[in-house]
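Breakdown of the fold
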Amino acid sequence: MTSELAEISEKVASRERLTLDDGVRLFACRDLAALGALANADRERRFGDLTFFNRNTHVNATNVCEASCIFCSFARLKTGDQGAYTMAVEEAVGRVRALRGELITEVHIVNGLNPDLPWNYYLELLSAIRAERPDIHIKAFTAVEIHYFAEKYGMSYERVLRELMAAGLGSLPGGGAEIFHPRARKKLCDDKVDADGWLEVHRVAHRLGLRSNCTMLFGSIETVEERVDHMIRLRELQDETGGFQTFIPLRFHHENNRLRKLREPTAADTLRTYAVSRLMLDNIDHVKAYWVMLGLPLAQLSLDFGVDDIDGTVREERIYHMAGAHTPQELGRRAIIELIREAGRVPVERDTLYNIVAEA
Ligand code: V47
């Protein structure tokens with residue numbers, strides 16, 4: 001083991017918290033295998049070979065979005081623009097109804113910031129899905145959407161969340177975090193909620209008893225320091241609330257967006273990012289590799305670099321497929337189990353809140 005890693009690995013062994021400087025040094029470490037082994041030891045200390053997945057479906061009810069994030073291939077600025085769509089509540093519920101009889105446990109809803117919809121649309125969306133499938137957990141609306149609702153409909157974060165909870169909201173997904181550091185955030189997504197606002201939404205959600213996830217969009221224009229800074233801001237909020245369940249590093253895809261001239265992150269950079277995430281975020285239980293964005297071989301490899309979760313069966317994924325992901329739009333339960341087994345791990349089906357549904 002290289003000497004730089006030896007020093008940090010001693011800290012990890014004695015459960016000493018890693019600093020910004022340690023994180024940056026981990027990114028600079030050339031010995032990817034040794035870094036992976038360090039993250040894997042931590043992963044195995046927590047979960048052994050267990051590898052979590054769930055059965056879910058995605059609903060993206062509208063892609064009309066006022067924000068102009070330069071990495072996004074999904075959004076259309078205005079209703080009526082080419083490719084813009086907004087589902088009627090009944091249509092969105094129909095996507096869930098079509099899965100009647102299937103044992104999915106979660107619906108994941110993320111939308112654009114659509115200026116043409118009334119507040120009631122979202123409440124009706126949740127209550128109609130709940131009425132259709134009361135057994136399914138609804139994980140919906142990123143902190144960016146919650147902030148937008150608060151501003152647009154003139155409510156506090158707490159009021160927005162309480163009304164959504166009363167209509168059926170079960171937890172928040174982790175999207176919209178991108179990169180917190182103001183230099184990168186200004187370039188990536190200047191006109192949506194800033195880091196403090198994103199974190200405040202999750203702080204309030206956790207106080208109200210909701211669990212949530214957190215993400216980081218990596219591999220576009222951010223520096224390594226900015227990645228580690230992002231992780232530390234999440235770690236600090238987690239110290240305060242304990243409400244995050246899983247961290248999901250989201251690998252940048254470059255097709256059909258304004259960053260198409262950039263190269264996508266290499267496999268090595270991707271694996272390194274998972275490993276550093278596992279080591280920096282000592283207080284967040286899970287690190288998830290979203291197979292849709294990674295491709296299946298890299299998703300399997302990630303399980304040796306600190307990852308213990310590969311998300312779900314996922315139906316009708318749009319955000320990454322519009323950005324050039326070449327993975328299938330869904331994987332069946334059998335295929336996910338096979339994927340995990342082939343990588344030498346033990347698949348465990350979980351629900352959104354990490355209760356075990358079945359050891360496969
Ligand atoms: O916030 C958009 C990212 C996020 C691109 O909580 C892109 O369980 C890469 O947050 N290249 C939405 N990334 C998806 C998301 C998510 C996914 C799966 C599970 C969970 C969870 C959350 O996707 C956005 C943005 O960060 N994104 N465009 C792109 N071109």
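Higher on the page you've got the structure.
Overview of the structure. Note that the structure is a prediction, hence the values are computed from the model and not measured.

With that settled, consider unusual backbone geometry. Look at Arg15: it is not a glycine, yet its phi comes out positive at around 55°. Topologically, Arg15 is positioned in the loop between helix H1 (3-13) and helix H2 (20-28). Residue classification places Arg15 among the exposed positions, given a relative accessible area of 58%.

What follows concerns the pattern of salt bridges. Within this structure, the stated rule accounts for 32 salt bridges. In this structure, Arg25 and Asp22 form a salt bridge, with 3.6 Å as the shortest nitrogen-oxygen distance. Of this pair, Arg25 and Asp22 both sit in helix H2, three residues apart, which is roughly one turn of the helix. When its relative accessible area of 4% is taken as the criterion, Asp22 is described as buried. The salt bridge partner of Glu91 is Arg95, with a shortest N-O separation of 3.4 Å. Linking Glu91 with Arg95, this pair stays in helix H4 (residues 89-97), spanning four residues, or about one helical turn. For Glu91, a relative accessible area of 39% corresponds to the partly exposed category. Given the relative accessible area of 25%, Arg95 is considered partly exposed. One continuous salt-bridge network, built from bridges that share partners, spans Glu7, Lys11, Asp22 and Arg25.

With that settled, the discussion passes to the packing of helix H3 (residues 32-47) against helix H11 (residues 267-280). With their axes 9 Å apart at the nearest point, H3 and H11 run at an angle of 40° to one another. Of the possible angle classes, the one that applies to H3 and H11 is oblique. Crossing handedness for the pair H3 and H11: left-handed. Taking contact as the criterion, the partners of Leu32, Leu35, Leu38, Ala39, Asp42, Arg43 and Arg46 in H3 are, on H11, Ala268, Arg272, Ala275, Val276, Arg278 and Leu279.

With that settled, consider the pairing of strand S2 (residues 56-59). Burial along S2 is two-sided: Asn56 and His58 facing one way and Thr57 and Val59 facing the other are all buried. Strand direction decides the pairing type here: S2 and strand S3 (residues 106-109), joined by four bridges, are parallel. Its bridge partner lying in S3, Thr57 is registered against Val107. Considered for its hand, the β-α-β crossover made up of S2, H4 and S3 is right-handed.

Turning our attention to the environment of Lys11. Examined against the element boundaries, Lys11 turns out to sit in helix H1. What makes Lys11 buried here is its relative accessible area of 18%. Residues Lys11 and Asp22, eleven residues apart in the sequence, show an inter-C-alpha distance of 9.8 Å. Other than its neighbours up to four places away in sequence, Lys11 contacts Glu16, Arg17, Leu18, Thr19 and Asp22.

Counting residues in each nonpolar core, the largest one holds 115 residues, and the members touching the most others are Ile109, Phe141, Leu164 and Trp198. Ranked by residues supplied to this core, first place goes to helix H5 (residues 119-132) with seven residues. If we ignore the near neighbours within four places in the chain, the residues touching Trp198 are Ala143, Val144, Gly174, Gly175, Gly176, Ala177, Phe180, Val193, Asn213, Cys214, Leu234 and Phe244.

Glancing now at the packing of aromatic side chains. Within the structure shown, the criterion is met by 13 aromatic pairs. Note on Tyr121 and Tyr122: the rings are 5.3 Å apart at their centroids and 80° apart in plane angle, and the pair reads as edge-to-face. Overall, the relative accessible area of 8% leaves Tyr121 in the buried class. Here Tyr122 and Phe141 contribute two aromatic rings whose centre-to-centre distance is 5.7 Å and whose plane-to-plane angle is 85°, an arrangement assigned as edge-to-face.

So, on to helix H7 (residues 157-167). Of all the residues in H7, the buried ones are Tyr157, Val160, Leu161, Leu164 and Ala167. For H7, the buried positions fall inside an angular range of 125° around the axis, keeping them on one side. A positive phi of about 130° marks Gly168, the residue just after H7.

This next bit is on the side chain of Asn283. In this fold, Asn283 is placed in the loop between H11 and strand S8 (286-287). In terms of polar contacts, Asn283 uses its side chain to reach the backbone carbonyl oxygen of Arg235, at 3.0 Å. Dropping the residues within four chain positions of it, Asn283 is found in contact with Arg17, Arg235, Gln238 and Asp239.

The rules behind each value
Sequence positions are assigned chain by chain, starting from 1 and proceeding in written order. This being a predicted model, a pLDDT of at least 70 is required before a residue's local features are given, and a value of 80 or more before pairs of side-chain atoms are given or counted; all residues contribute to the totals for chains, interfaces and linings. Side-chain figures throughout are based on the complete set of non-hydrogen atoms in the structure, without hydrogens or water. Strands are runs of DSSP state E lasting at least 2 residues, helices are runs of H or I lasting at least 4, and numbering of each runs from the N terminus. Classification of residues uses two cut-offs on accessible area relative to the type maximum, computed with a 1.4 Å probe and protein chains only: under 20% is buried, over 50% is exposed, and between them is partly exposed. Counted as salt bridges are all cases of a side-chain nitrogen of Lys or Arg within 4 Å of a carboxyl oxygen of Asp or Glu. What counts as an axis is a line fitted to C-alpha atoms, over the stretch in contact for a helix, and the angles between N-to-C directions run from 0 to 180 degrees. Relative orientations are named as follows: roughly parallel for angles under 35 degrees, roughly antiparallel for angles over 145 degrees, roughly perpendicular for angles from 65 to 115 degrees, and oblique for any other angle. Two helices cross in a left-handed way if the nearer one is turned anticlockwise from the farther one by less than a right angle. They cross in a right-handed way if the turn is clockwise. Note on contacts: a residue pair qualifies if any of its non-hydrogen atoms lie within 4.5 Å across the two residues. For two strands to be treated as a pair, DSSP must find at least two bridges joining them. Note on handedness: a crossover is taken as right-handed if, strands pointing away from the viewer, the path from the first strand over the helix to the second is clockwise. Working definition of a nonpolar core: buried Ala, Val, Leu, Ile, Met, Phe, Trp, Tyr and Cys residues. They are joined through side-chain atoms within 4.5 Å. Side-chain rings of Phe, Tyr and Trp (the six-membered ring for Trp) are treated as a pair once their centres are within 6.5 Å; stacked means planes under 30 degrees apart, edge-to-face means over 60, and tilted covers the remaining angles. The arc in question is formed by the directions pointing from the helix axis toward the C-beta atoms. Definition of a polar contact: a pair of N or O atoms within 3.5 Å, with one able to donate and the other able to accept a hydrogen when the atoms are protein atoms, and with sequence-neighbouring residues admitted only if both atoms are side-chain atoms.

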